[in-house]
Amino acid sequence: CLALCVPCLVRGSCLPQSTQQQSRHLSCTVTDTVTMKFNPRVSRSRRKSRKAHFSAPSHLRQKIMSAALSKELREQHHVRSMPIRKGDYVRLVRGDTKNHGDEGEVQTVYRKKYVIHVERIQRDKANGAPVPINIHPSNVVITKLASYKDRKAILARKDRSKKDKGKIVESELD
């Protein structure tokens, strides 16, 4: 066959010797490509990826629950996104609730459900009691960071403005 497909590579039978055998390989097309997996410890399986996501421990969920920084914060800190924390001010940019209120403070980071609760973003239950609306962190933009000690270290570590980061200069070799 002209293009190698995965089943043929596995069987090792992609070397036909007659036209009769070539007709058997007409299912092999140029679009069938073999993609390489770079990290052997990470699966490409949808089932395994979903299981890893929904059974992730709390310290990994915090990292997954990151939100983009606003343009002003991005220019100031040279960082694209940060894990969201209680006390951050966020602006809703996507989803059904983006018109309910533009901006608010994060009241709760609910890691178990992968959602956050923002002040003034709520709906009324049937009995009239207000209940917060669950918002995924990917649907918000952080406009003001709450100041924590460890956050300054994270911002310094993630700073992308450092020039020659990791490069060795000749003066350092002496």
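To keep things clear, this report deals only with the structure shown in the data block. Numbering of residues starts from 1 in each chain and follows the order in which that chain's sequence is written. Confidence filtering applies because this is a predicted model: local features only for residues at pLDDT of at least 70, side-chain atom pairs given and counted only at 80 or more, and all residues used for totals across whole chains, interfaces and linings. Calculated side-chain values reflect all of the structure's heavy atoms, with hydrogen atoms and water omitted.

### What to know about the environment of Gln107
Stated formally: Put simply, DSSP marks the helices as runs of H or I at least four residues long and the strands as runs of E at least two long, and each gets a number from the N terminus on. By definition, residues are in contact when any of their heavy atoms lie within 4.5 Å.
Structurally, Gln107 is set in strand E4 (residues 103-110). Once you skip the residues sitting within four places of it in the chain, Gln107 turns out to touch Lys86, His117, Val118 and Glu119.

### Quick notes on the pairing of strand E1 (residues 66-69)
Definition in use: For two strands to count as paired, DSSP must find a minimum of two bridges between them.
In this structure, E1 lies alongside strand E2 (residues 81-83), joined through three bridges in antiparallel fashion. Its bridge partner being in E2, Ala68 is matched across the sheet by Ser81. Summarising the sheet, E1 and strand E8 (residues 140-144) pair through two bridges and their orientation is parallel. Among the inter-strand pairings, Ala68 is bridged to a residue of E8, identified as Val141.

### Quick look at unusual backbone geometry
At His78, a residue that is not glycine, the phi angle is positive and equals roughly 60 degrees. The phi torsion at Tyr114 lies on the positive side, around 60 degrees, for a residue other than glycine. Residue placement: Tyr114 occurs in the loop between E4 and strand E5 (115-118).

### Side note on the nonpolar core
Convention followed: For this analysis, a nonpolar core means a set of buried residues of the types Ala, Val, Leu, Ile, Met, Phe, Trp, Tyr and Cys, connected via side-chain atoms within 4.5 Å. Relative accessibility thresholds used throughout: buried, under 20% of the residue-type maximum; exposed, over 50%; partly exposed, between the two (1.4 Å probe, protein chains only).
Core analysis: the biggest nonpolar cluster contains 21 residues, and Leu69, Ile84, Val90, Ile116, Ile135, Val140 and Ile142 have the highest contact counts within it. With residues near it in sequence (within four places) discarded, Val90 still touches Ile84, Asp102, Glu103, Gly104, Val106, Val118, Val140, Val141, Ile142 and Thr143.

### Points about the sheet that holds E2
Put simply, the rule is: Throughout, an axis means a line fitted to C-alpha atoms (over the contacting stretch in the case of helices), and angles, computed between N-to-C directions, take values from 0 to 180 degrees.
On the basis of which strands lie adjacent, the open sheet formed by six strands has the order E2-E1-E8-E3-E4-E5 and mixed pairing. Across the chains shown, the open sheet's two edge strands, defined by having one partner strand only, are E2 and E5. When strand polarity is set aside, the average angle formed by the axes of neighbouring strands in this sheet is 50 degrees. As defined by bridge partners, strand E3 (residues 89-92) adjoins E4 across three bridges and the pair is classed as antiparallel.

### Here we look at the pairing of E8
For E8, the tally of buried residues reaches four of five residues, placing the bulk of the element in the interior. Where E3 and E8 come together, four bridges link them in antiparallel fashion. Across the sheet, Val90 pairs through a bridge with Ile142, a residue of E8.

### Here we look at the pattern of salt bridges
Side chains carrying opposite charge are able to pair once their charged atoms draw close together. Stated precisely, the cut-off is as follows: Put simply, a salt bridge is a Lys or Arg side-chain nitrogen that is within 4 Å of an Asp or Glu carboxyl oxygen.
Counting across every chain of the model gives three salt bridges. In this structure, Asp150 and Arg85 form a salt bridge, with 3.2 Å as the shortest nitrogen-oxygen distance. Placement of the pair is Asp150 in helix H6 (residues 149-158) and Arg85 in the loop between E2 and E3, with a sequence separation of 65 residues. Glu119 is the salt-bridge partner of Arg120, the closest N and O atoms lying 3.4 Å from each other.

### Concerning the side chain of Arg151
Tracing the backbone through its elements, the reader meets Arg151 in helix H6. Apart from the residues within four sequence positions on either side, Arg151 is in contact with Met82, Pro83, Ile84, Arg85, Asp88, Leu145 and Ala146.

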